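# Structural features, examined
Each chain, written out:
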Amino acid sequence: MTKNAITIHWNKVKGAKYYVVYGSKCGTKKGQVPPFKKIKTITKNSYTQKKLKKGTYYKYLIIALDKNRKVVTSSKTVHVVTKGGKNGNDKTVTVNKSSITLKKGKTFTLKTKEVPQSKAKKVKRHRKVKYESSNTAVAKVTQKGKIKAKKKGTAYIYAYAQNGLYKKVKVTVK
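If you're wondering where the values come from, they're calculated on a predicted model, not measured in any experiment. Along every chain, residues carry numbers that run from 1 in the direction the sequence is written. In keeping with the predicted nature of the model, local features appear solely for residues at pLDDT of at least 70, side-chain atom pairs appear and are counted solely at 80 or more, and the whole-chain, interface and lining totals rest on all residues. Here the side-chain values reflect all heavy atoms present in the structure, with hydrogen atoms and water set aside.

### Comments concerning the pattern of salt bridges
For clarity, the cut-off: Take a side-chain nitrogen of Lys or Arg and a carboxyl oxygen of Asp or Glu: if they are within 4 Å of each other, that pair is a salt bridge. We count a stretch as a helix when DSSP gives it H or I for four or more residues in a row; a strand needs E for two or more, and each element gets its number in order from the N terminus. Classification of residues uses two cut-offs on accessible area relative to the type maximum, computed with a 1.4 Å probe and protein chains only: under 20% is buried, over 50% is exposed, and between them is partly exposed.
The tally for this structure, following the rule as stated, stands at 3 salt bridges. Residue Glu132 is joined to Lys76 by a salt bridge in which the shortest nitrogen-to-oxygen separation is 3.8 Å. Separated by 56 residues along the polypeptide, Glu132 in strand β12 (residues 130-133) and Lys76 in the loop between β6 (71-74) and β7 (78-81) bring together distant segments of the chain. With a relative accessible area of 26%, Lys76 lands in the partly exposed category. Ionic pairing is found between Arg125 and Asp90, a salt bridge with its closest N-O pair at 2.7 Å. A residue pair is termed long-range when its members are at least 10 positions apart, and Arg125 in the loop between β11 (112-116) and β12 and Asp90 in strand β8 (residues 90-95) qualify at 35 residues. By relative accessible area, Asp90 is classed as buried at 3%. Among the ionic contacts, a cluster of salt bridges with common partners joins Asp90, Glu114 and Arg125.

### Re unusual backbone geometry
In the Ramachandran plot, Lys51 falls in the positive-phi region, its phi being about 60° despite a non-glycine side chain. With respect to the helices and strands, the residue Lys51 is situated in the loop between β4 (46-49) and β5 (57-65). We note that Arg69 has phi near 65°; this positive angle belongs to a residue other than glycine. Position of Arg69 relative to the elements: it lies in the loop between β5 and β6. You can call Arg69 partly exposed: its relative accessible area is 47%.

### Re the pairing of β4
Along any regular strand, the residues point their side chains to alternate faces of the sheet. The following threshold applies: Here a strand pair is declared whenever DSSP counts at least two bridges between the two strands.
A one-sided burial pattern is seen for β4, the buried positions being Tyr47 and Gln49 and the unburied ones Ser46 and Thr48. The pairing of strand β1 (residues 6-9) with β4 spans 4 bridges and is antiparallel. Note that in β4 the partner of Thr7 across the bridge is Thr48.

### Some remarks on the sheet that holds strand β16 (residues 166-173)
Two orientations exist for strands paired in a sheet by backbone hydrogen bonds: parallel and antiparallel. Threshold: The convention used is that axes are lines fitted to C-alpha atoms, helices contributing only their stretch in contact, and that angles between N-to-C directions extend from 0 to 180 degrees.
Strands sit in the order β9-β16-β15-β12 across an open sheet of 4 strands; the sheet is mixed. A strand with exactly one partner marks an edge of an open sheet, and here the two such strands are β9 (99-102) and β12. Going across the sheet, the axis of each strand differs from the next one's by a mean of 25°, ignoring polarity. Sheet topology places β9 next to β16; 4 bridges connect them, and they run parallel. If you follow Thr101 over to β16, its bridge partner there is Thr172.

Next up, the structure:
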């Protein structure tokens, strides 16, 4: 990321041939949510948007499509700021456990913390940490990080910071 460009990367999606990049400038007034605009359809798993304003937040969403242009999956919304302003981005997201073992029916709440790139650059929070389970039949997770063990097996819980960085937590259900 530079003063006038943002590069976003994502993991390749099994079965996806195309990726549609949507984006827009983030809202400037409380409650204002500018709509996403389709930026580009590409086949690789990264994109650089240029000619942006310095020190400004932008949001992105990626939709993965198969060869018939049917939706395979979509990303979380990512909020990123360009350099050159008084705001910054997160450097990492931390979680209180990297792996947990639960009995069926039991719960555990993850505690997360977003760590800014620098103390001098404040991070404007556009959203809280988001959570997602790789296998909801084994372990479900609420948007507050509460994991519920559903059935025997293994799942991964992902905790996403607003700029797309994440930590993966292994959940084993006995």
